[in-house]
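Breakdown of the fold
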Amino acid sequence: MSAQVIDGKQLATTIDEETAAQVATFTHTTGITPCLAAVLVGEDPASQVYVRNKRKACEKVGLTSQLHRLPATTSEDELLTLIARLNAAAAVHGILVQLPLPRQIREARILDAVHPLKDVDCFHPENVGRLSQGRPRFLPCTPHGVQQILHRSGIPAAGREVVIVGRSEIVGKPLAMLLMAKDSPTCGPTAANATVTVAHSRTANLAQVTRRADILIAAIGQPKFITAEMIKPGAAVIDVGINRTAAGLCGDVDFEPACEVAGAITPVPRGVGPLTIAMLLINTLTAAHEQQASALG
Ligand code: NDP
């Protein structure tokens, strides 16, 4: 058996075309061009690539972007001052603080300082709370990207066993919330209503748990950790992992052997990554809508 390899880049291109049309309508009717401000602290090479890709993607769909670069020696207070300035700037609709931050800066303190209406990563406790209560303002980018992949590839989640390996605040936990919800604001009830198990480093008999999954999602950060033996034949396997190894970029799934067992699979690269950026663009447009509505209201 050879799995259907899902082309995340192609899906993202389709979504970006839809977003570009929505941005054009918004700008035409309001005279406002939504703007994403990216904040990059330090010189981490991977972070620089991510920020560059995000800015390019903004241009492609008609959003504007700003880049605020600060040295690795920046203090927490200096970064908070910049965030306060961006929160107050009417021309800025979304604020993205590229992670990881240097050691001297407490991530939670910075992310909590981003105005909830400009929190396009959906990290602010108010937005996470809204998500968990089933009335989201923003959908978290990577989890929403995974949901869009399933939805647009015709892989239903409703009533099926989903196993997510990884319980981080950025991927595993919010993804569980999206897939166990009663509905999805963008993908409908078929892309939600799953029976979700979240596994982590303390899960006993992990392979037994993962083999139950109709949809197996790996968000671990360990190269090729999910082997073919851990996959139920015919399952959809979504690989969120991005690992830099001596042999190049790879995911959390041992791709080639997994293709022999899975029914569908996302590759790395060209899998979840492009969707994450596409969802960030949607959130920037949503932020502009929200801020315009709150200014009018
Ligand atoms: P974290 O390091 O925050 O979380 C990793 C999770 O994996 C933890 O819950 C951890 O368990 C679990 N884990 C680690 N080792 C094992 C193990 N041996 N068995 C079972 N579970 C294990 O990572 P993130 O969630 O931020 O990211 C995960 C991966 O996804 C990374 O490769 C990252 O680069 C990538 N990523 C990709 C994105 C994209 O757009 N494609 C976006 C964001 C992340 P525990 O909690 O017990 O420690």
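Residues numbered from 1 in each chain as written. Predicted model: local features only at pLDDT ≥ 70, side-chain atom pairs only at ≥ 80, totals over all residues. Heavy atoms only, no water.

Overview of the pairing of strand E6 (residues 195–199)
- Examined bridge by bridge, strand E5 (residues 161–165) and E6 share 5 bridges and lie parallel to one another. Bridge pairing in E6 links Glu161 to Thr195.
- At this point the chain moves from E5, through helix H7 (residues 172–180), to the parallel E6, and the crossover so formed is right-handed. (Pairing = 2+ DSSP bridges. Helix = DSSP H or I, 4+ residues; strand = E, 2+ residues; numbered from the N terminus. Right-handed = clockwise from strand over helix to strand, strands pointing away.)

Section: the domain arrangement of the protein chain
- Assigned domains of the protein chain: these are domain 1 (31–117) and domain 2 (141–272).
- On a C-alpha basis, the centres of domain 1 and domain 2 stand 28 Å from each other. (Domains from an automatic or database assignment.)

Description of unusual backbone geometry
- The omega torsion of the bond from Leu99 to Pro100 falls at 0 degrees, within 30 degrees of zero and hence cis.
- In this fold, Pro100 is placed in the loop between strand E4 (94–97) and helix H4 (107–113).
- Cis geometry is adopted by the peptide bond preceding Pro269, which originates at Val268 and carries an omega value of 0 degrees.
- Assignment of secondary structure puts Pro269 in the loop between strand E11 (264–265) and helix H10 (272–296).
- The phi dihedral of Cys122 is positive, around 60 degrees, even though this residue is not glycine.
- Residue position: Cys122 is located in the loop between H4 and helix H5 (125–132).
- Here Asn193, not a glycine, exhibits a phi torsion of approximately 60 degrees, which is positive.
- With respect to the helices and strands, the residue Asn193 is situated in the loop between H7 and E6.

Describing the side chain of Lys118
- Mapping Lys118 onto the fold places it in the loop between H4 and H5.
- Salt bridges are absent for the buried Lys118, whose nearest opposite-charge side chain, Asp119, sits at 12 Å.
- In terms of polar contacts, Lys118 uses its side chain to reach the backbone carbonyl oxygen of Asn87, at 2.9 Å.
- Leaving out residues up to four positions away in the same chain, Lys118 has contacts with Leu86, Asn87, Ala88, Ala89, Val92, His93, Gly94, Ile95 and Gln291. (Buried < 20%, exposed > 50% of the residue type's maximum accessible area, 1.4 Å probe, protein only. Lys, Arg positive; Asp, Glu negative; His and termini not counted. Salt bridge = Lys/Arg side-chain N within 4 Å of Asp/Glu carboxyl O. Polar contact = N/O pair within 3.5 Å; in protein donor to acceptor, adjacent residues only side chain to side chain. Contact = heavy atoms within 4.5 Å.)

Regarding the site of the ligand
- Among the 21 residues in the neighbourhood of the ligand, the closest are listed as Arg167, Ser168, Ser201, Ile242 and Thr276.
- One of the side-chain N or O atoms of Ser201 is found 2.5 Å from an oxygen atom in the ligand.
- Gln222 places a polar side-chain atom, nitrogen or oxygen, 3.2 Å from a nitrogen atom of the ligand.
- Surface burial for the ligand is 70%, taken as the share of its 920 Å² of free accessible area covered by protein chains.
- Counting residues per element, the shell around the ligand draws most heavily on H10, at 3 residues.
- Residues belonging to the shell around the ligand are distributed by class as follows: 9 nonpolar, 11 polar and 1 charged. (Near = heavy atom within 4 Å. Areas by Shrake-Rupley, 256 points an atom, 1.4 Å probe, with all protein chains shown as cover. Nonpolar A, V, L, I, M, F, W, Y, C, P; charged D, E, K, R; others polar.)

Structural notes on the sheet that holds strand E2 (residues 35–41)
- Strand order across the open sheet formed by 3 strands is E3-E2-E4, with parallel pairing between neighbours. Edge positions in the open sheet fall to strand E3 (64–70) and E4, since each of these has one partner strand only. This sheet shows a mean twist of 20 degrees between the axes of neighbouring strands, independent of strand direction.
- Pairing between E2 and E3: 7 bridges, direction parallel. Bridge assignment links Leu36 to a residue of E3, and that residue is Ser65.
- Along the sheet face, helix H2 (residues 45–61) touches E2, E3 and E4 and points at about 160 degrees away from the line of E3.
- Lying on the sheet, helix H3 (residues 76–88) is in contact with E2, E3 and E4; it crosses E3 at an angle near 165 degrees. (Axes fitted to C-alpha atoms, helices over the stretch in contact; angles between N-to-C directions.)

Thoughts on the environment of Val165
- With respect to the element layout, Val165 can be found in strand E5.
- Linking Val165 and Ala219, residues 54 residues apart in sequence, is a C-alpha distance of 5.8 Å.
- With residues up to four places along the chain from it excluded, the contact list for Val165 reads Ala199, Leu206, Thr210, Leu216, Ile217, Ala218, Ala219, Ile220 and Ile226.

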